[in-house]
Amino acid sequence: MSSLTTNSEPSRWARMMSSNMAYSFRRNPVAMVSMAVFLLIAVAAVFSPLIAPFNPYDPANIDIMNSELPPAWVAGSDPQFALGTDDQGRDLWSTILYGTRLSLIIGLCAVAVQAFLGISIGLISGYVGGRVDSVLMRLADIQLSFSTLMVAIIFLAVTQAMFGSEVFNQYAVFMLIAVIGIAEWPQYARTVRATVLAEKKKEYVDSARVLGFGPLRIMVRHILPNSLSPIFVISTVQVANAIISEASLSFLGLGMPPSQPSLGSLISSGFDYIFSGSWWITAIPGVVLVVLVLVINLLGDWMRDVLNPKLYKG
Amino acid sequence: MSLLSVRDLTVKFAMRDNTVTALNQISFDLGKGERLGIVGESGAGKSITGFSLMNLISKPGFIDNGKILFEGQDIVQMSDADLRTIRGNRMAMIFQDPMVTLNPVLTIGQQMVETLQAHRDLTRQDAEKIAVMKLREVYIPSPEDRLNQYPHELSGGMRQRIIIAIALLLDPQLIIADEPTTALDVTIQADIMELLLELCQSNNVGLILITHDLGVVSQMTERTLVMYAGRIIEAGRTREIINDPQHPYTQGLINALPQQTLPGHRLKQIPGNMPSLANVPPGCPFSPRCDYAVDLCRTTLPKIVSYGQVEVACHEVERLHADDAAQEQSA
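The sections below set out a description of the structure shown in this document. (Residues numbered from 1 in each chain as written. Chains lettered and ligands numbered in written order. Predicted model: local features only at pLDDT ≥ 70, side-chain atom pairs only at ≥ 80, totals over all residues.)

**Re the overall build of chain B**
Then, in step 1: Secondary structure assignment for chain B yields 14 helices and 12 strands.
Then, in step 2: The principal-axis extent of the C-alpha atoms belonging to chain B is close to 70 × 50 × 40 Å.
Then, in step 3: Expressed as a percentage of its 331 residues, the buried residues of chain B come to 42%.
Then, in step 4: In chain B, of all internal contacts separated by at least 6 residues, the share reaching a separation of at least 24 is 61%. (Helix = DSSP H or I, 4+ residues; strand = E, 2+ residues; numbered from the N terminus. Buried ≥ 20, exposed ≤ 12 C-beta atoms within 10 Å, placed from the backbone. Contact = placed C-beta atoms within 7 Å.)

**Points about the sheet that holds strand 4 (residues 61–70) of chain B**
Residue and element names in this part refer to chain B.
Then, in step 1: One open sheet holds the 4 strands; their spatial order is 2-1-4-5, and the pairing between them is antiparallel. Since the sheet does not close on itself, it has two edges, and those belong to strand 2 (19–30) and strand 5 (73–74), each with one partner.
Then, in step 2: Sheet topology places strand 4 next to strand 5; 2 bridges connect them, and they run antiparallel. Looking at the pairing, Leu69 lines up with Asp74 of strand 5. (Pairing = 2+ DSSP bridges.)

**Here we look at the interface of chain B and chain A**
When the parts come together, some accessible area is lost, and that loss is often what is quoted as the size of the interface.
Then, in step 1: Counting from both sides, the interface comprises 23 residues of chain B and, opposite them, 18 residues of chain A.
Then, in step 2: Broken down by secondary-structure element, the contributors of at least two residues to the side of chain B that touches chain A are helix 2 (80–86), helix 3 (98–101) and helix 4 (108–119) of chain B.
Then, in step 3: In the side of chain B that touches chain A, the residues fall into 9 nonpolar, 10 polar and 4 charged. (Nonpolar A, V, L, I, M, F, W, Y, C, P; charged D, E, K, R; others polar.)

**Describing the pairing of strand 8 (residues 206–210) of chain B**
Residues and elements named next belong to chain B.
Then, in step 1: Burial analysis of strand 8 places 5 of its 5 residues in the buried class, which makes it a mostly covered element.
Then, in step 2: Residues Gly206, Ile208 and Ile210 line one face of strand 8 and the alternating positions Leu207 and Leu209 line the opposite face, and both faces are buried.
Then, in step 3: Note: strand 3 (residues 35–39) against strand 8, 4 bridges, orientation parallel. Bridging from a neighbouring strand, Leu36 pairs with Ile208 of strand 8.
Then, in step 4: Summarising the sheet, strand 7 (residues 174–178) and strand 8 pair through 5 bridges and their orientation is parallel. In the strand pairing of strand 8, Leu174 is matched with Gly206.
Then, in step 5: Handedness of the β-α-β unit built from strand 7, helix 8 (residues 186–203) and strand 8 comes out right-handed. (Right-handed = clockwise from strand over helix to strand, strands pointing away.)

What follows is the structure, given as C-alpha cells:
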C-alpha cells in the first residue's frame, strides 16, 4: 500500500537537493564560484583564531619594530609575515582574518536587526492597513529620506562625544549593529508590506480566519512564510550593504577602533601610509572587502533571478 | 430552539460617496442538522450571506442591522475573541476553490494540527490522531502519509476532501459551503457532494449550501432560499420550490436549466442582467426583467408572504394564482 507513496519519504536534504533552486544553482557557474568564495571567506573568518598565526588583539604579540614590513613577494619582507605588517607591526594576514570576522558579524547582525524591525513593521502595516499603515509607511518614508550614512554618522558621533571614545570603543560592535540595523529597516518594511498586501487577499488567509485563528497567528504563521522569497533576496543585498556601511563608518573613524580593526578601519589606518609606499596595508584588506561584497551581491542576483522569474522577461 | 436564526440582516458597503446595500433584511432559520440551500445568480448576495454568518465581512462592508443568533448568541454583537472560539470550532466554512484555500507552505498535517490546537488543548500526537481519523472519514487513501504532504502534491478533489476534513475537525454544528464544487471536475463534483451529504447526515451537522446549481440544491438540501439583488425572494421546502416555483425569477431559473430544453433548441434564459446593487430599481428589483410585471411591481416592493407551501415576495404570483383576497393582502 505504501509503495505508491514512497516519494513522500525522502529526507529534507534530498528534497532540498532536488528542488528547483538547487538545480539552477548547479547550472549557474557564477553562483557556484561566488558561493565557494563566500564560504571560503566565511570559514576562514569563523576559524580565524585557529588559522591566524598571530593574535592581532594581543599587544604582547606585536612588536612596533616590525611595522610596515611588505608582503612576502616584495623585497625587504620578513618570511614570518606572509602579507606583510601594518603600521603597528601586526601581521596583516591575521589582522585581515580577524577583521573579516568582525565585518561579517556586524553585517549579519545588523541585517538581523533590520529584518526583525522591518518584517514586524511591514507585516503589521500590510495586514492591519488603514491608519496604522499610513503612519508606519510615512515613518519609513521619513527614515528613507535620511541617508543611512548621515544617520549613522550623527548617531555615532554624538554617542562617541557623550560616552568618550574609550567606552565607545568597547561597545563599538553593538553600536554599529544597532545603527546600521535601525537606519535600513524601511527597505524590509516596504518589501514585506507589498507582499503582505498581495498575500492577504488570497483565500488561504480567509480560510485561516474562518478557522478562528487570531491576527498574530495569521500574520506570522500563514502570511510570513508565503512572503519569504523577496525577503531572502533583499537580505543578501542588505548584508553586502551593511558590510559596506560598516567599512565606510570605520573608514571615517566612527566604527571599529584601530585596536580591534574591521576591514574598514584597517583600510583607513593604511590610508595614511599609502604615499610612503606601504600600499599593502590598504590594498589587501580592500581587495578582501571588494571580493566579499561582490560575491554576496552575485549570490543575491542569482537568488533574485531564481525566486522572481518575472524579472527576466522584457 | 433553532441552531441559527437570522433576523433582518442588512449588510452595506461604504463606497466613496454612497453606501450600497448588499443584503437587505434577510431573515431565515436553520434547525439542528438541517440542510439549507441558498441559490441565486452572481452578485445576488449569497456569499456575503455566508461571510456575514461568520461575521467576517471585511471593509468597506459592514453589518448595518439585524441579528444572527447562533445557538442563542448574537454573532453580530460578539467580540473578536469570542468570535474566534466559534469560527472553525462551532461553525466551519468551505470555500470554492480548493487549489487556493490551503496554505501552500504548510503540510496538510501542520494545518490540521494547528487548527485543532487553536481550539483544543491537545498534544501534537493526539491532534495527529484526530487528523488521521478525519481524513479517513473523507475517504483519503493512506491518510498517515498525507499529513506530510504539501497541498500542491494533491489533486483538486483530494484537496477539497481535505478541506472538508479540516472543516469537520472540531465537530462543528454548522458548515457553510460556498460553492464547494464549482472549481472541480464534474465527476468529482458529484463525489464531493455525496460525501458532504453523507457526513452532514451521519454527524447531524447543519449545512448551508451556497450555489447557483439548482440540481445540487435539489439533491442536497431540505429547504431553499432564492436570492435576488440582496433579498430573499422565495423560501421554502426544496421540493416545493423545484417542483412548483412561485416567483417568476425562480421559474425562470428552473426553465433555464438545460434539462428543461428540447434538444436542438436554445436555452430559455432570463432576459437582461441583475441590476447593479448601486442602482436597484424602485419596487420589485426583478420587475425590469419580469414578463408579468405590472405598474405596482415597478413602484412598490413586494413583502415576503406565505403562499401555499412556500414564502414568496411577489405581487403578481397572488394575482396570477388567486383572487381578490390575496391581492388585498399584498397591498
